[in-house]
Amino acid sequence: MTDATRGNGRAGQGSLLVSDARTARRNAAERRFRIYGLLAVSIGIVALVVLLVSILANGASAFRQTTIRIDVPLDAARLDPSGTRDPAAMAGVTTFRYAPLLREGLAATIAAAGIEAEVDDRALDEMISDESVAQLRRHVLANPDLVGQTVPVEVLASGRIDGFFKGRVTYASAELDSNVTPEQLRLAEELRNAELLRTGFNWRFLTAPDGSDTRPEAAGLGVAILGSIYMMLIVLALALPIGVAASIYLEEFAPQNRWTDVIEVNISNLAAVPSIVFGILGLAIFINFMGLPQSAPIVGGLVLTLMTLPTIIIATRAALKAVPPSIRDAALGLGASKMQSVLHHVLPLAMPGILTGTIIGLAQALGETAPLLLIGMVAFVREYPDAPPDGFFDPATALPVQIYNWTQRADPAFVERAGGAIIVLLLFLLAMNLTAIFLRRRFERRW
Amino acid sequence: MGSMTGRGAVLAALLCWAGAAVARDQVQIAGSSTVLPYASIVAEAFGDNYDFPTPVVESGGSSAGLKRFCEGLGENTIDIANASRAIRDREREACAANGVTDIIEVRIGYDGIVFASQRDGPEFADFTPSQWYRALAARLPDEGGAMVPNPNTRWSQIDPALPDVEILAFIPGTKHGTREVFEEKVILQGCEDTGAAEALAASGLDEDAVEDACMSLRTDGRAVDIDGDYTETLARTESDPNGVGVFGLSFYENNTARLKVATMDGVVPTTASIAAGDYPVARPLFFYLKKAHLDAIPGLKEFATFFVSDDLAGPGGPLADYGLVPDPDLAETQAVLLDGTVMP
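Chain B carries the name Phosphate-binding protein PstS in an unreviewed UniProt entry, which gives Jannaschia rubra as its organism.

As recorded in an unreviewed UniProt entry, chain A goes by the name Phosphate transport system permease protein PstA, listed as coming from Jannaschia rubra. The record in UniProt for chain A states the following under Sequence similarities (unreviewed entry): "Belongs to the binding-protein-dependent transport system permease family. CysTW subfamily."

Structure below.
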């Protein structure tokens, strides 16, 4: 304002078309300011692109998996020593006795395809995932009549062989690697040329449970996705009604006094408390005091509920505030009670804002790892939890926890799995945020 | 409104479920991140072969695991604590104070600690404990025997045979059981080998003070504590070619394409050289078991027995394949479990 006034004082002296020094300076300042803004935006975009590219480059291959088709002779003498075909008796034969069968099957398949291979028994063993041995055993125990026959099975290739077809393992790296040899890779290529080995979409990655450190090729997100869904259900069922009830009371009914001020300040403070603190609270109250089980989604859900509540309360109060007072006045003027005016008029109008806030709170809770660390959910869990409500008390992990676990494993194949899990988590978050935007666009009313 | 009260009733019912649902049917394990891979391999194979559910294995470190182990008995406490070191007396006392008195100690095998650097980095081929002591100690004796701050900044100053690069070591942080072994088998050993321990003792320190002085490491940024896992150590050595990292043998064996290992006292770390007792930096791995839980938790006894069975922990088994050095006295451990012998 002052600049402009002073500029005006000399207006008569210069031309309108030729800007004087002061105007030029002001324009330059504005240009600079715009460039700063653009820079800030582009730094953000570059960071996002780098992040996404590195995640996709590392993780996209987790959605593809290499399998080998082999004919396995199910030797009756070894699998069913008693000869009764009784699953209970056959259960005494452990996976350690099944592994040689798969190896022999692979050797026979290679020979039948006319491939010359200079690999020993151990090298053949190493090409097949241990998970497939366990799968074969389960399959045989479920169908005891198969014993004695030769059955075709599709087995998972081991992590290194799988990595070879995804470009992670090369002949050069195999020279240095103690877990794979170039001969094995050559054999794998021959198998692919004979169409016995193929790489296809990896459904198991989304459905299978976690695999141990020796089975990266079998590790999946099944338990983690279930655990995350269970926890979100609990958070939704608890945080939404409690949060909405608290906000309605505070916004519409509570008197304005020192107590409500204190509560208000505390809610804002709680929203900023680091999430690990809620984990400590969860351990002390839910597990040690209330005796809820460890590693269970119920405890995770309760902890995340506490964490999400402030977010929901703040969003709900903002949504309630945005409803014009005239609506309340009109309802009251027509003889509605206070509760009727709130439940019949204010709440429905505030609903889009409340749902948006809830979904954003849920998305935040979905990505949370720290509080789960203390309640035992950062764990190796292979059993699927049961259906709810019993399943809420069974051990499970969660998506961010699974990512954290996989990044700590020694086998480089887990880097790919972790990348894949990040992609899945990001897709979940994207879906939730899109829902929130859709609800806001579709139902929000402006006055 | 009706649906609101209905929902409230469901919530109340959910919370009351707690009392009924505590009957736990799977084994709960927590502890050392070094033992974690082995425990999860065994847990998985156990789930494959038995009708019991697969045990839940958490990591978090030996100390954290033993602390939770000693919190008491009952279904809300863990059954097994994995540890990369023996349980301490202080921890036994904490256990006893909470009623955890009958503890079975199970030694599953040995773990080697290796010194490795980036594959394309400088030629770190052979180390001795003395070299590590002189590289990392906070204070070293000078010619006169007086303790002066560590003057070495390059490996070649310690031994001309070592590469002429800045000293930079990534060592396990203090919360890791591995740190204890590193201090004892490398730094303390080096302190004695170089004669620094003698010099310290001559200056009038008692035995404990000598050990403390030996094991105090330099804090000028050349010895970097890694509190995370070996993956973090690997990332650090990858980003700095001059860095030497301390790894577990199994971790190294999974990453031989990216790391090259140095010998210690001229011995290459392998499961064979460790089992023979030639490679000096190795330590036993344990798990601790609550005897009181053996009958209460289904599958616990079977799991523990399965863990140390010849099929798994013996030579050629999956644990040895992954890098565990099989215990030559495995039969003794199996007998301990069979008899349920508790720690004295």
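A.B. asks: I keep staring at the interface of chain B and chain A and nothing clicks. Help me out?
C.D. replies: Put simply, an interface is often sized by how much accessible area is lost when its parts join up. Tallying the contact residues gives 45 residues for chain B and 51 residues for chain A. Taken together, the connections running from chain B to chain A amount to seven salt bridges. Measuring nitrogen to oxygen at the nearest pair gives 4.0 Å for the salt bridge that ties D48 of chain B to R382 of chain A. Our count for the chain B to chain A interface comes out at 25 residue pairs in polar contact (both at pLDDT 80 or more).

A.B. asks: Please clarify how the domain arrangement of chain A should be interpreted in this entry.
C.D. replies: Residues and elements named next belong to chain A. For chain A, the domain assignment lists domain 1 (2-59), domain 2 (63-218) and domain 3 (222-443). Spacing between the C-alpha centres of domain 2 and domain 3 amounts to 43 Å. Facing the 20 residues of domain 2 at the interface are 21 residues of domain 3. Together domain 2 and domain 3 conceal approximately 1,800 Å² of surface at their shared face, both sides included; 50% is due to carbon and sulfur atoms.

A.B. asks: Mind showing me how you'd approach the domain arrangement of chain B here?
C.D. replies: Residue and element names in this part refer to chain B. Here chain B is described as being made up of domain 1 (25-110 + 283-339) and domain 2 (112-282). A straight line from the C-alpha centre of domain 1 to that of domain 2 covers 30 Å. On the domain 2 side, the residues contacting the 14 residues of domain 1 number 17 residues. The junction of domain 1 with domain 2 conceals about 1,200 Å² of combined surface from both sides, 50% of it contributed by carbon and sulfur atoms. For domain 1, the biggest contributors to the area lost against domain 2 are R283, Y322 and V325; these three give 44% of the whole. The tally of links between domain 1 and domain 2 comes to one salt bridge. Residue E180 pairs with R88 through a salt bridge whose shortest N-O separation is 2.4 Å. Partitioned by chemical class, the residues of the side of domain 1 that touches domain 2 number six nonpolar, five polar and three charged.

A.B. asks: Quick question: what am I supposed to make of the side chain of T333 of chain B here?
C.D. replies: All names here are of chain B. Relative to the helices and strands, T333 is located in helix α16 (residues 330-339). With a relative accessible area of 6%, T333 lands in the buried category. Once residues lying within four places of it in the same chain are set aside, the contact partners of T333 are V106, R107, V308 and D327.

About the thresholds
- Residues numbered from 1 in each chain as written.
- Chains lettered and ligands numbered in written order.
- Predicted model: local features only at pLDDT ≥ 70, side-chain atom pairs only at ≥ 80, totals over all residues.
- Heavy atoms only, no water.
- UniProt positions renumbered as here; feature names shortened; annotations may be inferred.
- Contact = heavy atoms within 4.5 Å.
- Salt bridge = Lys/Arg side-chain N within 4 Å of Asp/Glu carboxyl O.
- Polar contact = N/O pair within 3.5 Å; in protein donor to acceptor, adjacent residues only side chain to side chain.
- Domains from an automatic or database assignment.
- Buried area = accessible area lost by both parts, 1.4 Å probe.
- Nonpolar A, V, L, I, M, F, W, Y, C, P; charged D, E, K, R; others polar.
- Helix = DSSP H or I, 4+ residues; strand = E, 2+ residues; numbered from the N terminus.
- Buried < 20%, exposed > 50% of the residue type's maximum accessible area, 1.4 Å probe, protein only.

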